[in-house]
Amino acid sequence: MSDSGSPASSTPAYDVAIVGYGPVGATAANLLGRQGLKVVVIERDPDIYSRARAISTDEEVMRVWQSVGLADRLQHDMLPDRPVAFVDAAGAPFYETTITGHGYGHPPQQFIYQPAVDQVLREGVARFGNVELLLEHECLRVVNKGDHVELMLADLRSDLFKRIRASYVIAADGGSSPTRGQLGVGYSGKTYTERWVVIDTKVVKEWDAHDRLRFHCNPARPTVDCPTPLGHHRWEYPARPGDTDEYLVSDEAVWKVLNEQGITDEHVEVLRAVIYRHHVRTADRWRVGRVFLAGDAAHAMPPWIGQGMAAGVRDVANLCWKMAAVLRGTAPEALLDSYETERKPHVIEVTRRAVLMGRVITEHNEVLAAVRNHVLRVITKVPAITRQGQKLYWVPDAYYPDGFFAATGHKAEGRQIIQPRVSDDTGTKVRLDDVLQGRWTLLHLGALPAGAQAWTARGVTILPVRDTTLTAWLTKHKATAVIIRPDGFIYAAADSAATLPPPPLGLDCAAPAAITNAVPA
């Protein structure tokens, strides 16, 4: 390759460079593009990766995509609220449930076909002329240079080097993250030695229970049997000792397993079979200077509660509004230190739950499996136990105990506000976030609380609460007034007898004029 050799004065400069254009990188590009920032996206591949990796998402992620005007379009291609069944070796269910939501305004759990999601997210990015795409480019080097980051890129089409600079970099370049390696950041944890086979299929003829997630808790061969939208279906199961990788992905081996499930070539067309191993890893640091790790570059978890991609979307939702505020000069640079403080504990807890679920599903001891089946079959007949159980093994509430919050000890601080449908200025019922519009907002019941004037002087938007659902939620959390951050999390709260804490130094709450709510046709 040859170096284009441009001098520093003519080096293209951006507010943010995003390395990686999977769903996490594409979400970040939408979030930052909507903020009016100058963004560049760097991606090795020429097009969307064709294999469906992530298979589910949740209400909190849909809320992020709602903030960039894409949730309703994405919803067209998803399967919401599918039943979940745990079945024994004979195929008989010993526990069935449907995931209960947290009130964030979208289906709490639904299945996706990732290539379709990627396509919509990229169509969303195309709305923003301030976002530049460099497909078929590889990021060879990232170097912190004081007030910016220098990136050396290889144009894989022309064999030329390119040098660009950015105020900040988001590395969303996957679990093997070359960027993380260049920065010398460790990736602590473990990789399970057991190999898993993933079979992706196209449905030709539907069968009983084709539309539900089933965990086949068979000690001889635990299997995940999962519907995906747009006429697809997936199976995942562990390899048996002695089977070679070549055999495991052969037609003979694949159809043997599917036939054991009662599936024939009348039901599905096999699209692909691949092998992978589960990882439980977290990057030792998520920030090095002006470079931030997100998604699988920052953490990897097993797939049992479908949170790998979701965790990455949460990462950039947390990071991008902070980055935009710092770049505009409306928040201190130290705000960015709260990214890892807030996100890492939540990721660790989600990962712990995913590992726990995996242990329950993949128990190989027949005696322990029989006890598991009997106990769950009995206790889950009580609806209250089923509801409470989900709070222990499924996705936790959106709550950050530490980070960029007032830290007064109020129980509402660090929680994400629910999202009921409320009346807008015209009396139309819309989702709460469509009223908040990503602004710093003071929501209050009754009269304005003491301390509100300090916030209004900083440009906070004031909205009285008249919705009964929202009123009940605030009352439950002993708050008559809350300060909502742009990402929907509560910075500060007060009851009727308390004074709102003052805004932090250097924070300007006025909404930037550059934000656009354009929605793709």
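Here is a short report on the structure shown in this document. Computed from a predicted structure; not experimentally measured. (Residues numbered from 1 in each chain as written. Predicted model: local features only at pLDDT ≥ 70, side-chain atom pairs only at ≥ 80, totals over all residues. Heavy atoms only, no water.)

Structural notes on the packing of aromatic side chains
Counted under the stated rule, the structure contains 16 aromatic pairs. Seen in terms of ring centroids, Phe86 and Phe94 are 6.4 Å apart; in terms of plane orientation they differ by 50 degrees. Their pairing is tilted. Residue classification places Phe94 among the buried positions, given a relative accessible area of 3%. Where Trp321 meets Trp440, the ring centres are 6.0 Å apart and the plane angle is 75 degrees; that geometry is what we call edge-to-face. With a gap of 119 residues between them, Trp321 in helix H8 (residues 308–328) and Trp440 in the loop between helix H12 (432–436) and strand S23 (441–444) connect regions that are remote in the sequence. For the pair Trp321 and Trp440, a shared accessibility class is recorded, and that class is buried. An aromatic cluster of three or more residues is present, and its members are Trp321, Phe404, Trp440, Trp455 and Tyr491. Above the plane of the ring of Tyr168 lies Arg290, whose end atom (NZ or CZ) is 4.7 Å from the centre. Here the basic side chain of Arg415 rests over the ring of Tyr399, its NZ or CZ set 4.3 Å away from the ring centre. (Phe/Tyr/Trp six-rings, centres within 6.5 Å; stacked < 30°, edge-to-face > 60°. Buried < 20%, exposed > 50% of the residue type's maximum accessible area, 1.4 Å probe, protein only. Helix = DSSP H or I, 4+ residues; strand = E, 2+ residues; numbered from the N terminus. Lys NZ or Arg CZ within 6 Å of the ring centre and 35° of its normal.)

Remarks on the nonpolar core
In this structure, Trp65, Leu151, Ile170, Phe215 and Trp440 are the most contacted members of the largest nonpolar core, which totals 116 residues. Residue contributions to this core peak at 13 residues, all from H8. When residues no more than four places from it in sequence are discounted, the contact partners of Phe215 are Val84, Ala85, Phe86, Val87, Thr223, Val224, Trp304, Met357 and Ile361. Listed in part, the 20 residues of the second largest apolar core include Val422, Val430, Val465 and Trp473. (Core = buried A, V, L, I, M, F, W, Y, C linked by side-chain atoms within 4.5 Å. Contact = heavy atoms within 4.5 Å.)

Section: the side chain of Asp315
Along the polypeptide, Asp315 turns up in helix H8. Sequence-distant contacts of Asp315, that is, excluding residues within four places in its chain, are made with Trp286, Ala294, Gly295, His299, Tyr339, Arg343 and Val347.

Details of the sheet that holds strand S17 (residues 268–283)
Taken in spatial order, the eight strands line up as S7-S6-S14-S15-S16-S13-S17-S20 in an open sheet, and their pairing is mixed. Both edges of this open sheet fall to strand S7 (93–97) and strand S20 (299–300), since each of them pairs with a single strand only. With four bridges connecting them, strand S6 (residues 84–87) and S7 associate as antiparallel partners. Counted as the bridge partner of Val84 is Thr97 from S7. Sheet contacts for helix H7 (residues 251–260): strand S13 (187–203), strand S16 (232–238) and S17; angle to S17, the most-contacted strand, approximately 90 degrees. (Pairing = 2+ DSSP bridges. Axes fitted to C-alpha atoms, helices over the stretch in contact; angles between N-to-C directions.)

No statement about biological role is implied by the geometric values presented.
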